[in-house]
Amino acid sequence: MLTKFETKSNRVKGLSFHSKRPWILASLHSGVIQLWDYRMGTLIDRFDEHDGPVRGVHFHKSQPLFVSGGDDYKIKYVLEGHDRGVNWASFHPTLPLIVSGADDRQIKIWRMNDSKAWEVDTLRGHMNNVSSVLFHSRKDIIVSNSEDKSIRVWDATKRTGLQTFRREHDRFWILCCHPEMNLLAAGHDSGMIVFKLERERPAFSVSNDSVYYVKDCFLRFYEYSTQKDTQIIPIRRLGSATLNQGPRTLSYSPTENAVLICSEVDGGSYELYIIPKDSFSKGDTVQEAKRGVGGSAVFVARNRFAVLEKSTNQVLVKNLKNEIVKKSALPIVTDAIFYAGTGNLLCKAEDRVIIFDLQQRMVLGDLQTSFIRYVVWSNDMESVALLSKHSIIIADKRLVHRCTLHETIRVKSGSWDDNGVFIYTTLTHIKYCLPNGDCGIIKTLDVPVYITKIFGNNVFCLDRDGKNRSIVIDATEYLFKLSLLRKRYDHVMSMIRNSELCGQAMIAYLQQKGFPEVALHFVKDERTRFNLALESGNIQIAVASAKEIDEKDHWYKLGVEALRQGNSGIVEYAYQRTKNFERLSFLYLITGNLDKLSKMMKIAEVKNDVMGQFHNALYLGDVQERIKILENAGQLPLAYVTAKTHGLNDIAEDLAAKLNDNVPILPSGRSRSLLVPPTPVLCGGDWPLLRVMKGIFEGGLDNVGKGAEEEYEDAADADWGEDLDIVDVEKIQNGDISLVLENGEENEENEEGGWDLEDLELPPDVETPKATTARSSVFVAPTPGMPVNQIWVQRSSLAAEHAAAGNFDTAMRLLNRQLGIKNFTPLKSLFIDLNMGSHTHLPAFPSSPIISLAIERGWSESASPNVRTPPALVFNFSQLEDKLKAGYKATTAGKFTEALRIFMSILHTIPLIVVESRREVDEVKELVIIVKEYVLGLKMELKRREFKDNPVRQLELAAYFTHCNLQPPHLRLALMNAMSLCFKAGNLITASNFARRLLEANPAENHGQKARSVIQAAERNMRDSTQLNYDFRNPFVVCGASYVPIYRGQKDVLCPYCTSHFVVSQEGQICAVCDLSVVGSDASGLLCSPAQIR
Amino acid sequence: MATAPDVLFNLRNNFYLGAYQAAINNNDVPNLSEEDAIERDCLVYRSYIALGSYQLVINEVDSSAATPLQAVKLLALYLFSPDSKENTISSIREWLGDAAIGNNPILRLIAGTIFMHEQDYNEALKYTNAGGTMELYALNVHIFLKMNRSDYAEKQLRVMQQIDEDHTLTQLATAWLNLAVGGSKIQEAYLIFQDFSEKYQMTSLILNGKAVCCMHMGNFDEAESFLLEALNKDAKDQETLANLVVCSLHLGKPSARFLSQLKLSDPEHVLVKRGLTAEENFDRAMQTVG
């Protein structure tokens, strides 16, 4: 039984839940009716209408009313069967069933139809009168209470007692069930309790993109990204005989796909399930789980979990076979353990938590806390939230306290978002907590939910029915506050611009947190604006606001602030607006503005303000004026004294005349001087202010600089023939050079069956080195095993694999036999690369030699260990395909030397390529032919350029080039070239032949035109000015060395590797095309795949 | 069941995982027993050796120091002056023959290490095979792997697992063996290095371990990123450079610069030697075949 709320009062005889609000009515024996909020635990109201005991109360379902007092139930059935008086009867919420309790200490279940009801079963167990009994509204159970001071729970189908809860002194009188929620209330002699029978929090564990949780009797998982919910495996039906024995916590190890489920069964126990990789089991068969007893169990590493053994206060570390690997005593009396990073545990005691390192056996962190219920780590494991019933403590990974929040309503769950904000739920709200402890409400909740994960604005949670839900929240407020906190003012600014954030609360927050300048942006009200502007020292805005408001008080405040800042212009303005002449005069005095000061004097005169006038005269040091004022004011003696003192004798005499005989006598022997205020160092103007970088809030966001446009780089230095129009080169390049080499099915037969046959041969271990401490016992060191590269050599007849193994002589012999290669010099760097790339280097024991490990190819997850596979080679076919494309590109761009280099390197690498399938073997062989044609063609083209002084040879080579098997765009370019050359040399017939071939090859429009005009010109003038060794009507191949045509029927010899043709005289020479093999030698053919050997 | 905190745990762990500077910097552990203090000093001096500061160790350890420290000094001498290797070896033999100190585990460990460098595995095993400490067992695993005898290495590893399966050296040795036997075990090796990288400071040893696993699984792109990360930590680390050469070769990227860096930082490195031997082999083979 989980008690949620308890009251102390007179005997409670009637109870009623409000269907929507967290209210409960309790009617007391004393005649009082109380209305409680059971969530907040407060008494909302009391009603003293009744004089005697109130037997029953009931809320109206929809209206704000309740009834109390006498019961007016309409009796429909007479239940006969109880021996003594029936105290209570109630209906089943959906089925035609009635349950009744009576003074015969029995509970009877009745079935009814329209006309009658009959007894079905009797539940015995109560020791005294049964006061109240009812069907649970959401579960298949019956709850009853009695004057025997107990509440009993019964299985409604099996009709057996499930559980009994006893109270020490109080007899129970009334029971009541919440119509919608999982809540019950019971009234007793001295108050009432609100309680629930079972926990409703699902056990769950979040792992990356998914949450694993238990619902009913299944382990399920929910993927956040796809919002897909999947049932994984059935788990053991935990004690249906007893309540509240369902799974409490769940721990998941993603790498091993293992789940630990803990429950209260047997006083705390766990079950370990391994989720089968392939199938989320369809059947209902429960996997035989590994079990154990323990307070709590969590994974502490990928394949280790810790189990708390409360009796001895130690932690057992176990492996996935449920075997104990290690035991470790805990430094504090622990009642639960939680994960705290690999190998670490967060141990919870009554009043504190610690982080304990299992390996070092050391306490890494320690924190005094209230009773912690749940622990939530941030994604980066840097921060932890410790949830207790009414508070949240945020600490870092060493349990250094950061902040504590207190909640009046119970805290339920929480999760960290990616920005380090902790989002949590109470019974009624979703709230946030910033790293500095500021918190606030995000949203109200109708029903409690348990947050599992936060993704941006989405809060994912499980509800009490075990359903995954996603709640979209407005994160603006806390993100705004977070940005302020982190001083990310650019974010702040953009949020101010783009979202609706204004509101008194936000302004108050900003002011309180010392950001009045930010608050300024929200405020429309001029008075608030004015105050904020003053607070942030923003005079401009303050002036603008003051103008709008135009009240004396505000001008005054503005003046004070402006004075503080030394902005005399504004001060003057403010004083002027308030007509504060005294201050204004004084301002002019201290700023040395004598002109204005004298103006002030005049104003005073006009206004007849004698005192003001006099002050100004004093400030100005204007003696005559002073005398005049005194005189006008009738202060003749003073005027006289003044005049006399300052030596204005004429005036003094006039005045003396007016005074008649009453001329004051001046003290003698004193020297006199005119007191004039010192001239200010700085006259007028504002105080100089330091130049300050404009804050982001003043200037606003800079416009993001325009992205520089990427310059397009084109193939500028194309080098195609002199007369050729090369405008279209680029178009061609992007056009139809598409080499269609299918790449599929390359892993067709990756099984390497041939290698599996024999295992690594190891000498039988005669002497097993026993780990004995006696060194004297005879130890014979084993003979060294065979290095992997030797195994490669033994099993392979592929040259590349021999080269990788470092056996260059056998590799060369193989190449010589297979391809007739005799010139190995071009292959030197390739051999060395193969060998150098054959092993990795593993640093092992400190200061000991490293371990070299042979890299094998065709690795797969399911490959068996200890079965050696052939070496992974540094060259592969796909690299050659890339190179081929690069070669084509260089050719198109006219960079022939570069292109030739690329094609040669392909030709040199192919003998050291290994592919898997026969199909790929064919592709490799095809590649040899393609590349050979280009090599020959490009060599001829480069040769042609050396014959500047031999136009005939030039024409011939250009012509032969068009007979190499090139890609269509290249062929077109070659034809254009040959056509232009022949046309210019006056060989019009040959030129027109090229033109025709060009037209057949889909040329670009302008090229086609050119070709047609060449044909027209040739038709007018059918002649060749020079005789070429070129008969295009007669099929021929070009000799790879002498570049002469070998017409059909003439004798030739071949290169055994690249299959280039040669005139007979070349026999026995190194092939001039591939530069590797001996022309005309015997060879067995290219061997580049184990598939060819099988 | 041990209850006392393992005060030298961090120091040892740093040393095994290649965080040598961290081991040196955090050696100030209070309240050490005499025995622990000697172990601490050994670990610190061995860290200096691993960092190549041989001279420092040779100068600081005087003749009055305890046997284990003397042994560590011998290792420094051996690695410092290749010319006087013979002397060092003969003195270590002499000490091993001394009944009073010959059984000291550190002395035996150093002997095993030196004979491994000499590639005399039989001689190394003569002193280490009896084991006795986790380090000795781990070294045995290492030696057997060098001998291509993974079957023996596995037996040795099982002994370690029985003592403490979660010990850093047990885990490391498991990874070595897994890599050596290959196949599906490589993944397990990767997970071990992954665990280390999550739990402890990232070192080039761990990064190289991960990279090597990736390369053996055919994942050279990922391996490259680990190696570049390791290069950021220590631009002169020989294993990082050597593995980068290998990785670049497989990716078809230029490797020459890494190789010349490696030649500068360790002209005796296995890979440098492999390259030189390969060149010689090639020329010789050209003579015979060509």
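Quantities reported herein were computed from a predicted structural model and do not represent experimental measurements.

**Some thoughts on the overall build of chain A**
A count of helices and strands for chain A gives 29 helices and 51 strands. Here the contacts in chain A between residues at least 6 apart in sequence split such that 48% fall between residues at least 24 apart. Within the structure as shown, chain A displays about 53,000 Å² of accessible surface, and the carbon and sulfur contribution to it stands at 49%.

**Regarding the sheet that holds strand S13 (residues 141-146) of chain A**
Remark on secondary structure: sheet strands pair via backbone hydrogen bonds, oriented parallel or antiparallel. Residues and elements named next belong to chain A. Across the sheet, which stays open at both edges, the four strands sit in the order S12-S13-S14-S15 with antiparallel pairing between neighbours. The open sheet has two edge strands with one neighbour each: strand S12 (130-135) and strand S15 (161-166). Ignoring strand direction, the axes of neighbouring strands in this sheet form an average angle of 15°. Summarising the sheet, S13 and strand S14 (residues 150-155) pair through five bridges and their orientation is antiparallel. Considered in S14, the bridge of Val143 is made with Val153.

**Brief notes about unusual backbone geometry**
All names here are of chain A. For Arg105, which is not glycine, the phi dihedral falls at a positive 70°. Among the secondary structure elements, Arg105 is positioned in the loop between strand S9 (97-102) and strand S10 (106-112). A residue is classified by how much of its surface remains accessible, and Arg105, at 41% relative accessible area, is partly exposed. The backbone phi angle of Lys579 is positive, close to 55°, even though this residue is not glycine. Inspection of the secondary structure puts Lys579 in the loop between helix H8 (568-578) and helix H9 (581-591). Using a relative accessible area of 59% as the deciding quantity, one classes Lys579 as exposed.

**Some points on the sheet that holds strand S37 (residues 391-396) of chain A**
Residues and elements named next belong to chain A. Taken in spatial order, the four strands line up as S35-S36-S37-S38 in an open sheet, and their pairing is antiparallel. Looking at strand neighbours, the two that pair on one side only are strand S35 (372-377) and strand S38 (401-406), the edges of this open sheet. Recorded for the sheet is a direction-independent mean angle of 20° between the axes of neighbouring strands. Two elements, S35 and strand S36 (residues 383-388), share five bridges in a ladder whose sense is antiparallel. Of the residues in S36, the one forming a bridge with Val375 is Leu386.

**Thoughts on the interface of chain B and chain A**
Taken together, the contact pairs 100 residues of chain B with 85 residues of chain A. Around 7,900 Å² of area is buried between chain B and chain A when both sides are counted, 61% of it from carbon and sulfur atoms. When the area that chain B buries against chain A is broken down by residue, the three leading residues are His216(B), Arg274(B) and Phe282(B), summing to 9%. Where chain B meets chain A, there are four salt bridges. A salt bridge links Lys828(A) to Asp283(B); its shortest N-O distance comes to 3.2 Å. Put simply, chain B and chain A have 24 residue pairs in polar contact (both at pLDDT 80 or more) between them. In terms of residues, the side of chain B that touches chain A owes the most to one element, helix H17 (residues 270-289) of chain B, which gives 13 residues. Tallied by class, the residues present in the side of chain B that touches chain A amount to 51 nonpolar, 29 polar and 20 charged.

**Here's the deal with the nonpolar core**
Core analysis: the biggest nonpolar cluster contains 201 residues, and Phe831(A), Phe903(A), Tyr1057(A) and Trp176(B) have the highest contact counts within it. For this core, the element with the highest residue contribution is helix H24 (residues 918-946) of chain A, accounting for 11 residues. Leave out the neighbours within four places in its chain, and Phe903(A) touches Leu884(A), Gly887(A), Tyr888(A), Thr891(A), Val931(A), Tyr934(A), Val935(A) and Leu938(A). Counting 54 residues, the second-largest nonpolar core is a separate cluster that includes Ile442(A), Ile507(A), Val518(A) and Phe522(A).

**Looking at helix H11 (residues 168-181) of chain B**
Because an α-helix packs 3.6 residues into every turn, residues spaced three or four apart end up facing the same way. Taking 1.5 Å as the rise per residue, H11(B) with 14 residues should run 20 Å; its terminal C-alpha atoms sit 20 Å apart, in good agreement. Among the 14 residues that make up H11(B), 14 are buried, leaving the element largely enclosed by the rest of the structure.

**Here's the deal with the pattern of salt bridges**
Inspection of the entire model under this criterion finds 50 salt bridges over all chains. In this structure, the salt-bridge partner of Asp41(B) is Arg40(B), at a minimum N-O distance of 3.0 Å. Taking the relative accessible area as the measure of exposure, Asp41(B) reaches 25% and is therefore partly exposed. Close ionic contact of Arg46(B) with Glu135(B) constitutes a salt bridge, the shortest N to O distance being 2.9 Å. Of the two residues, Arg46(B) is situated in helix H3 (residues 34-50) and Glu135(B) in helix H9 (residues 134-146); the sequence distance between them amounts to 89 residues. Residue classification places Arg46(B) among the buried residues on the basis of a relative accessible area of 6%. Look at the salt bridges and you will find they share partners, linking Glu6(A), Arg167(A) and Asp170(A) into a network.

**As for the side chain of Gln879(A)**
Secondary-structure assignment places Gln879(A) in helix H22 (residues 877-892). Among residues more than four places away in sequence, those in contact with Gln879(A) are Val874(A), His250(B), Leu251(B) and Gly252(B).

**Quick word on the confidence of the model for chain A**
Residue and element names in this part refer to chain A. The predicted model of chain A averages 81 in pLDDT, with 86% of residues at 70 or higher. By mean pLDDT, helix H17 (residues 753-756) is the weakest element of chain A at 39, and helix H23 (residues 896-909) is the strongest at 94. This model gives residues 699-718 a pLDDT under 50, and the stretch forms 15 contacts once residues within four places in sequence are excluded. Considering only residues more than four positions removed or in separate chains, one finds that residues 721-776, a stretch of pLDDT under 50, has 91 contacts.

**A word on the packing of helix H13 (residues 636-645) of chain A against helix H14 (residues 649-659) of chain A**
All names here are of chain A. Running from N to C, H13 and H14 cross one another at 155°; their axes reach a closest spacing of 8 Å. Viewed along their axes, H13 and H14 adopt a mutual orientation that is roughly antiparallel. Crossing angle aside, the handedness with which H13 passes H14 is left-handed. Where H13 abuts H14, its residues Leu636, Pro637, Ala639, Tyr640, Ala643 and Lys644 lie against Asn649, Ile651, Ala652, Leu655, Ala656, Lys658 and Leu659. Counted by class, the contact of H13 with H14 contains 10 nonpolar, one polar and two charged residues.

**What about the packing of aromatic side chains?**
The full count for this structure, using the stated rule, is 33 aromatic pairs over all chains. Arranged with centres 3.9 Å apart and planes meeting at 20°, the rings of Tyr212(A) and Tyr252(A) form a pair that is stacked. Within this pair, whereas Tyr212(A) is found in strand S20 (residues 210-215), its partner Tyr252(A) is found in strand S23 (residues 247-253), the two being separated by 40 residues in sequence. For Tyr252(A), a relative accessible area of 11% gives the class buried. Ring centres of Tyr1030(A) and Phe1032(A) lie 5.9 Å apart, and the angle between their planes is 50°; on these two criteria the pair is classed as tilted. A network of ring pairs unites the aromatic residues Tyr960(A), Phe994(A), Tyr1030(A), Phe1032(A), Phe1036(A) and Tyr1047(A) as a single cluster. Taking the ring centre of Tyr374(A) as reference, the NZ or CZ of Arg201(A) above it sits at 3.5 Å. Over the face of the ring belonging to Tyr152(B) we find Lys155(B), whose NZ or CZ atom lies 4.9 Å from the ring centre.

**Re the pairing of strand S2 (residues 12-17) of chain A**
Summarising burial for S2(A): six of the six residues are buried, a large majority. Taking the residues that link successive antiparallel strands as the turn, the S2(A)-strand S3 (residues 23-28) of chain A hairpin has five residues.

**Overview of helix H28 (residues 1005-1020) of chain A**
All names here are of chain A. In a regular helix each residue adds 1.5 Å, so 16 residues correspond to 22 Å; H28 covers 23 Å between its end C-alpha atoms and thus fits that length. Every buried residue of H28 is listed here: His1007, Gly1008, Ala1011, Val1014, Ile1015, Ala1017 and Ala1018. Its buried side turned inward, H28 meets helix H26 (968-985) and helix H27 (988-1000).

**Overview of the side chain of Thr869(A)**
Residue placement: Thr869(A) occurs in the loop between strand S47 (851-854) and H22. In contact with Thr869(A), not counting residues within four places along its chain, are Trp792(A), Glu856(A) and Arg857(A).

**A few points about the environment of Cys1071(A)**
Here Cys1071(A) lies in the loop between strand S51 (1061-1062) and helix H29 (1090-1093). For the pair formed by Cys1071(A) and Gly1040(A), sequence separation is 31 residues and the distance between their alpha carbons is 7.7 Å.

**Considerations on the environment of Phe5(A)**
Residue and element names in this part refer to chain A. Note on placement: Phe5 falls in strand S1 (residues 2-8). Taking the relative accessible area as the measure of exposure, Phe5 reaches 8% and is therefore buried. Residues Phe5 and Ala185, spaced 180 residues apart in sequence, show a C-alpha to C-alpha distance of 9.1 Å. Each residue touching Phe5, except ones within four places of it in the same chain, is listed here: Trp36, Tyr38, Gly41, Met192, Ile193 and Val194.

**Examining the confidence of the model for chain B**
Low pLDDT marks regions whose predicted coordinates should not be analysed in detail. When the pLDDT values of chain B are averaged, the result is 91; 99% of them are 70 or greater. The ipTM for the predicted assembly is 0.95, set against a pTM of 0.68.

**What about the packing of helix H8 (residues 121-128) of chain B against H9(B)?**
Residues and elements named next belong to chain B. One can describe the packing of H8 onto H9 by two numbers: an axis separation of 10 Å at closest approach and a directional angle of 160°. It follows that H8 is roughly antiparallel to H9 by the angle criterion. Along this stretch, H8 crosses H9, giving a crossing that reads as left-handed. Here Tyr121, Ala124, Leu125 and Thr128 of H8 lie close against H9, whose contacting residues are Leu136, Leu139, Asn140, Ile143, Phe144 and Lys146. Counted by class, the contact of H8 with H9 contains seven nonpolar, two polar and one charged residues.

Quick notes on the rules
- Residues numbered from 1 in each chain as written.
- Chains lettered and ligands numbered in written order.
- Predicted model: local features only at pLDDT ≥ 70, side-chain atom pairs only at ≥ 80, totals over all residues.
- Heavy atoms only, no water.
- Helix = DSSP H or I, 4+ residues; strand = E, 2+ residues; numbered from the N terminus.
- Contact = heavy atoms within 4.5 Å.
- Areas by Shrake-Rupley, 256 points an atom, 1.4 Å probe, with all protein chains shown as cover.
- Pairing = 2+ DSSP bridges.
- Axes fitted to C-alpha atoms, helices over the stretch in contact; angles between N-to-C directions.
- Buried < 20%, exposed > 50% of the residue type's maximum accessible area, 1.4 Å probe, protein only.
- Buried area = accessible area lost by both parts, 1.4 Å probe.
- Salt bridge = Lys/Arg side-chain N within 4 Å of Asp/Glu carboxyl O.
- Polar contact = N/O pair within 3.5 Å; in protein donor to acceptor, adjacent residues only side chain to side chain.
- Nonpolar A, V, L, I, M, F, W, Y, C, P; charged D, E, K, R; others polar.
- Core = buried A, V, L, I, M, F, W, Y, C linked by side-chain atoms within 4.5 Å.
- Expected span 1.5 Å × (residues − 1).
- pLDDT = per-residue confidence, 0-100.
- Parallel < 35°, antiparallel > 145°, perpendicular 65-115°, else oblique.
- Left-handed = near helix turned anticlockwise from the far one by under 90°.
- Phe/Tyr/Trp six-rings, centres within 6.5 Å; stacked < 30°, edge-to-face > 60°.
- Lys NZ or Arg CZ within 6 Å of the ring centre and 35° of its normal.

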